[in-house]
Amino acid sequence: MSNATLYLVATPIGNLGDLSPRARDVLAAVDLIAAEDTRVSQKLLHACGLPKKPMLSYYEHNRRARGEEVLAALRAGRSCALVTDAGTPAVSDPGEDLVALCAAHGIPVVPVPGCCAAVCGLAVSGLPTGRWCFEGFLSVNKKTRREHLDALSDEKRTMIFYEAPHKLCATLRDLAAAFGGTRRISLSRELTKLHEETLRMTLDEAAAHFDRTPPRGEFVLVVEGAPNTPDSAPDEAARLAAAAEAVRRRVEGGQTQKDAVKAVSAESRVKKNALYRYVLEQTQQNP
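Rules used throughout
Residues numbered from 1 in each chain as written. Predicted model: local features only at pLDDT ≥ 70, side-chain atom pairs only at ≥ 80, totals over all residues. Heavy atoms only, no water. Salt bridge = Lys/Arg side-chain N within 4 Å of Asp/Glu carboxyl O. Helix = DSSP H or I, 4+ residues; strand = E, 2+ residues; numbered from the N terminus. Buried < 20%, exposed > 50% of the residue type's maximum accessible area, 1.4 Å probe, protein only. Core = buried A, V, L, I, M, F, W, Y, C linked by side-chain atoms within 4.5 Å. Contact = heavy atoms within 4.5 Å. Pairing = 2+ DSSP bridges. Axes fitted to C-alpha atoms, helices over the stretch in contact; angles between N-to-C directions.

A. Broad picture of the pattern of salt bridges. For the structure on display, the rule yields 18 salt bridges. Notably, a salt bridge pairs Glu69 with Arg66, separated by 3.2 Å at the nearest N-O pair. With Glu69 and Arg66 both in helix α3 (residues 63-75) and three residues apart, this pair spans about one turn of that helix. For Glu69, a relative accessible area of 41% corresponds to the partly exposed category. Given a relative accessible area of 24%, Arg66 falls into the partly exposed group. The residue Glu245 makes a salt bridge to Arg249 at a minimum N-O spacing of 3.6 Å. Of this pair, Glu245 and Arg249 are both found in helix α9 (residues 234-252), four residues apart, which corresponds to roughly one turn of the helix. The exposure class assigned to Glu245 is partly exposed, which follows from its relative accessible area of 30%. Within this structure, Arg145, Glu163, Lys167 and Asp174 form a network of salt bridges that share partners.

B. Layout of the nonpolar core. The biggest cluster of nonpolar side chains holds 23 residues, and the ones touching the most others in it are Leu172, Ile185 and Leu187. Mapped by element, the contributors of at least two residues to this core are β7 (158-163), α7 (168-179), β8 (184-189), β9 (197-202), α8 (203-212) and β10 (219-223). Per-element accounting of this core gives the leading share, six residues, to α7. If sequence neighbours within four positions are ignored, Leu187 has contacts with Leu168, Leu172, Glu197, Thr198, Leu199, Met201, Ala206, Phe210, Phe219, Val220 and Leu221.

C. Spotlight on the environment of Val9. By secondary structure assignment, the location of Val9 is in strand β1 (residues 6-9). For Val9, a relative accessible area of 0% puts it in the buried group. Between the C-alpha atom of Val9 and that of Lys156, which follows or precedes it by 147 residues, the distance is 32 Å. Apart from residues lying up to four places away in sequence, Val9 is in contact with Ala23, Val26, Leu27, Ala81, Leu82, Val83, Gly87, Pro89 and Val112.

D. Main features of unusual backbone geometry. Even without being a glycine, Ala90 presents a positive backbone phi close to 75°. Within the element layout of this structure, Ala90 appears in the loop between β4 (80-83) and α4 (95-104). Judged by its relative accessible area of 18%, Ala90 falls in the buried class. Although it is not a glycine, Thr192 sits at a positive phi angle of roughly 70°. Mapping Thr192 onto the fold places it in the loop between β8 and β9. Relative accessible area serves as the criterion here: at 22%, Thr192 is assigned to the partly exposed category.

E. Geometry of the sheet that holds β7. Ordered in space as β6-β7-β10-β8-β9, the five strands form an open sheet in which the pairing is mixed. The outermost strands of the open sheet, each flanked by one partner alone, are β6 (132-137) and β9. Put simply, the sheet's adjacent strands are angled 20° from each other on average, direction ignored. Direction of pairing for β7 relative to β10: antiparallel, over a ladder of five bridges. By the bridge assignment, Ile160 is partnered in β10 with Val222. Along the sheet, α7 makes contact with β7, β8 and β10, crossing β10 at roughly 10°.

That's the geometry; what it means functionally is another story.
Structural data, given as structure tokens:
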């Protein structure tokens, strides 16, 4: 065990048997534990037969002040383990700030691998796992949520989201609206726990299922990426050409090119950026 080192210790997401021997050794040996909830972490130590340790809470609303406290302890030569209530700390988690703080001050940071709900859900999804992206929880703000999903409209990688049971039905409807109801999804709940379950279906089927069956437990949603389609499919090329002609007529009528592209894009549902590039290319070819 090295002094003046921050250890990122992954904890079980349900089954206590998943706490690794190395994680046990680190938690038993460090001088200090920074925990998302000290009560949860004390219960974990007790359940695993590990000795009590000095603890301080480190979570979203106190991370700046507590980060400085942890840094001071590390610079004084003490070792510290960072843990969350469940899973791997510092991933979609306030711990990322503490890692950045340690990196800025030359403090060693050592990962102690273990459970991660996102990776577990991906592994059992039955969807492509070679390339994927983690999107975490969608915002409850409607505008921010819509912008987030719009930005993923052409995402070809498998996408991973987290969702709470009371928001699942609304999220499934939003995903279907953004990606189409036939897009495949895997829904894993209560991973590693007694009532663990993984369902594989389309977004429309998932929305209908959970409208009938109230969801329970925390969910990992793994959504199929956009299909690989040729960028210049014949029908798309024809739509672009027609939209560009509509832009040309609007410009001749006195509208700016920017406004014309925006208006035609909304009317024809041709993507604005693609239409703008096409119009520019046609203008350069036919000055």
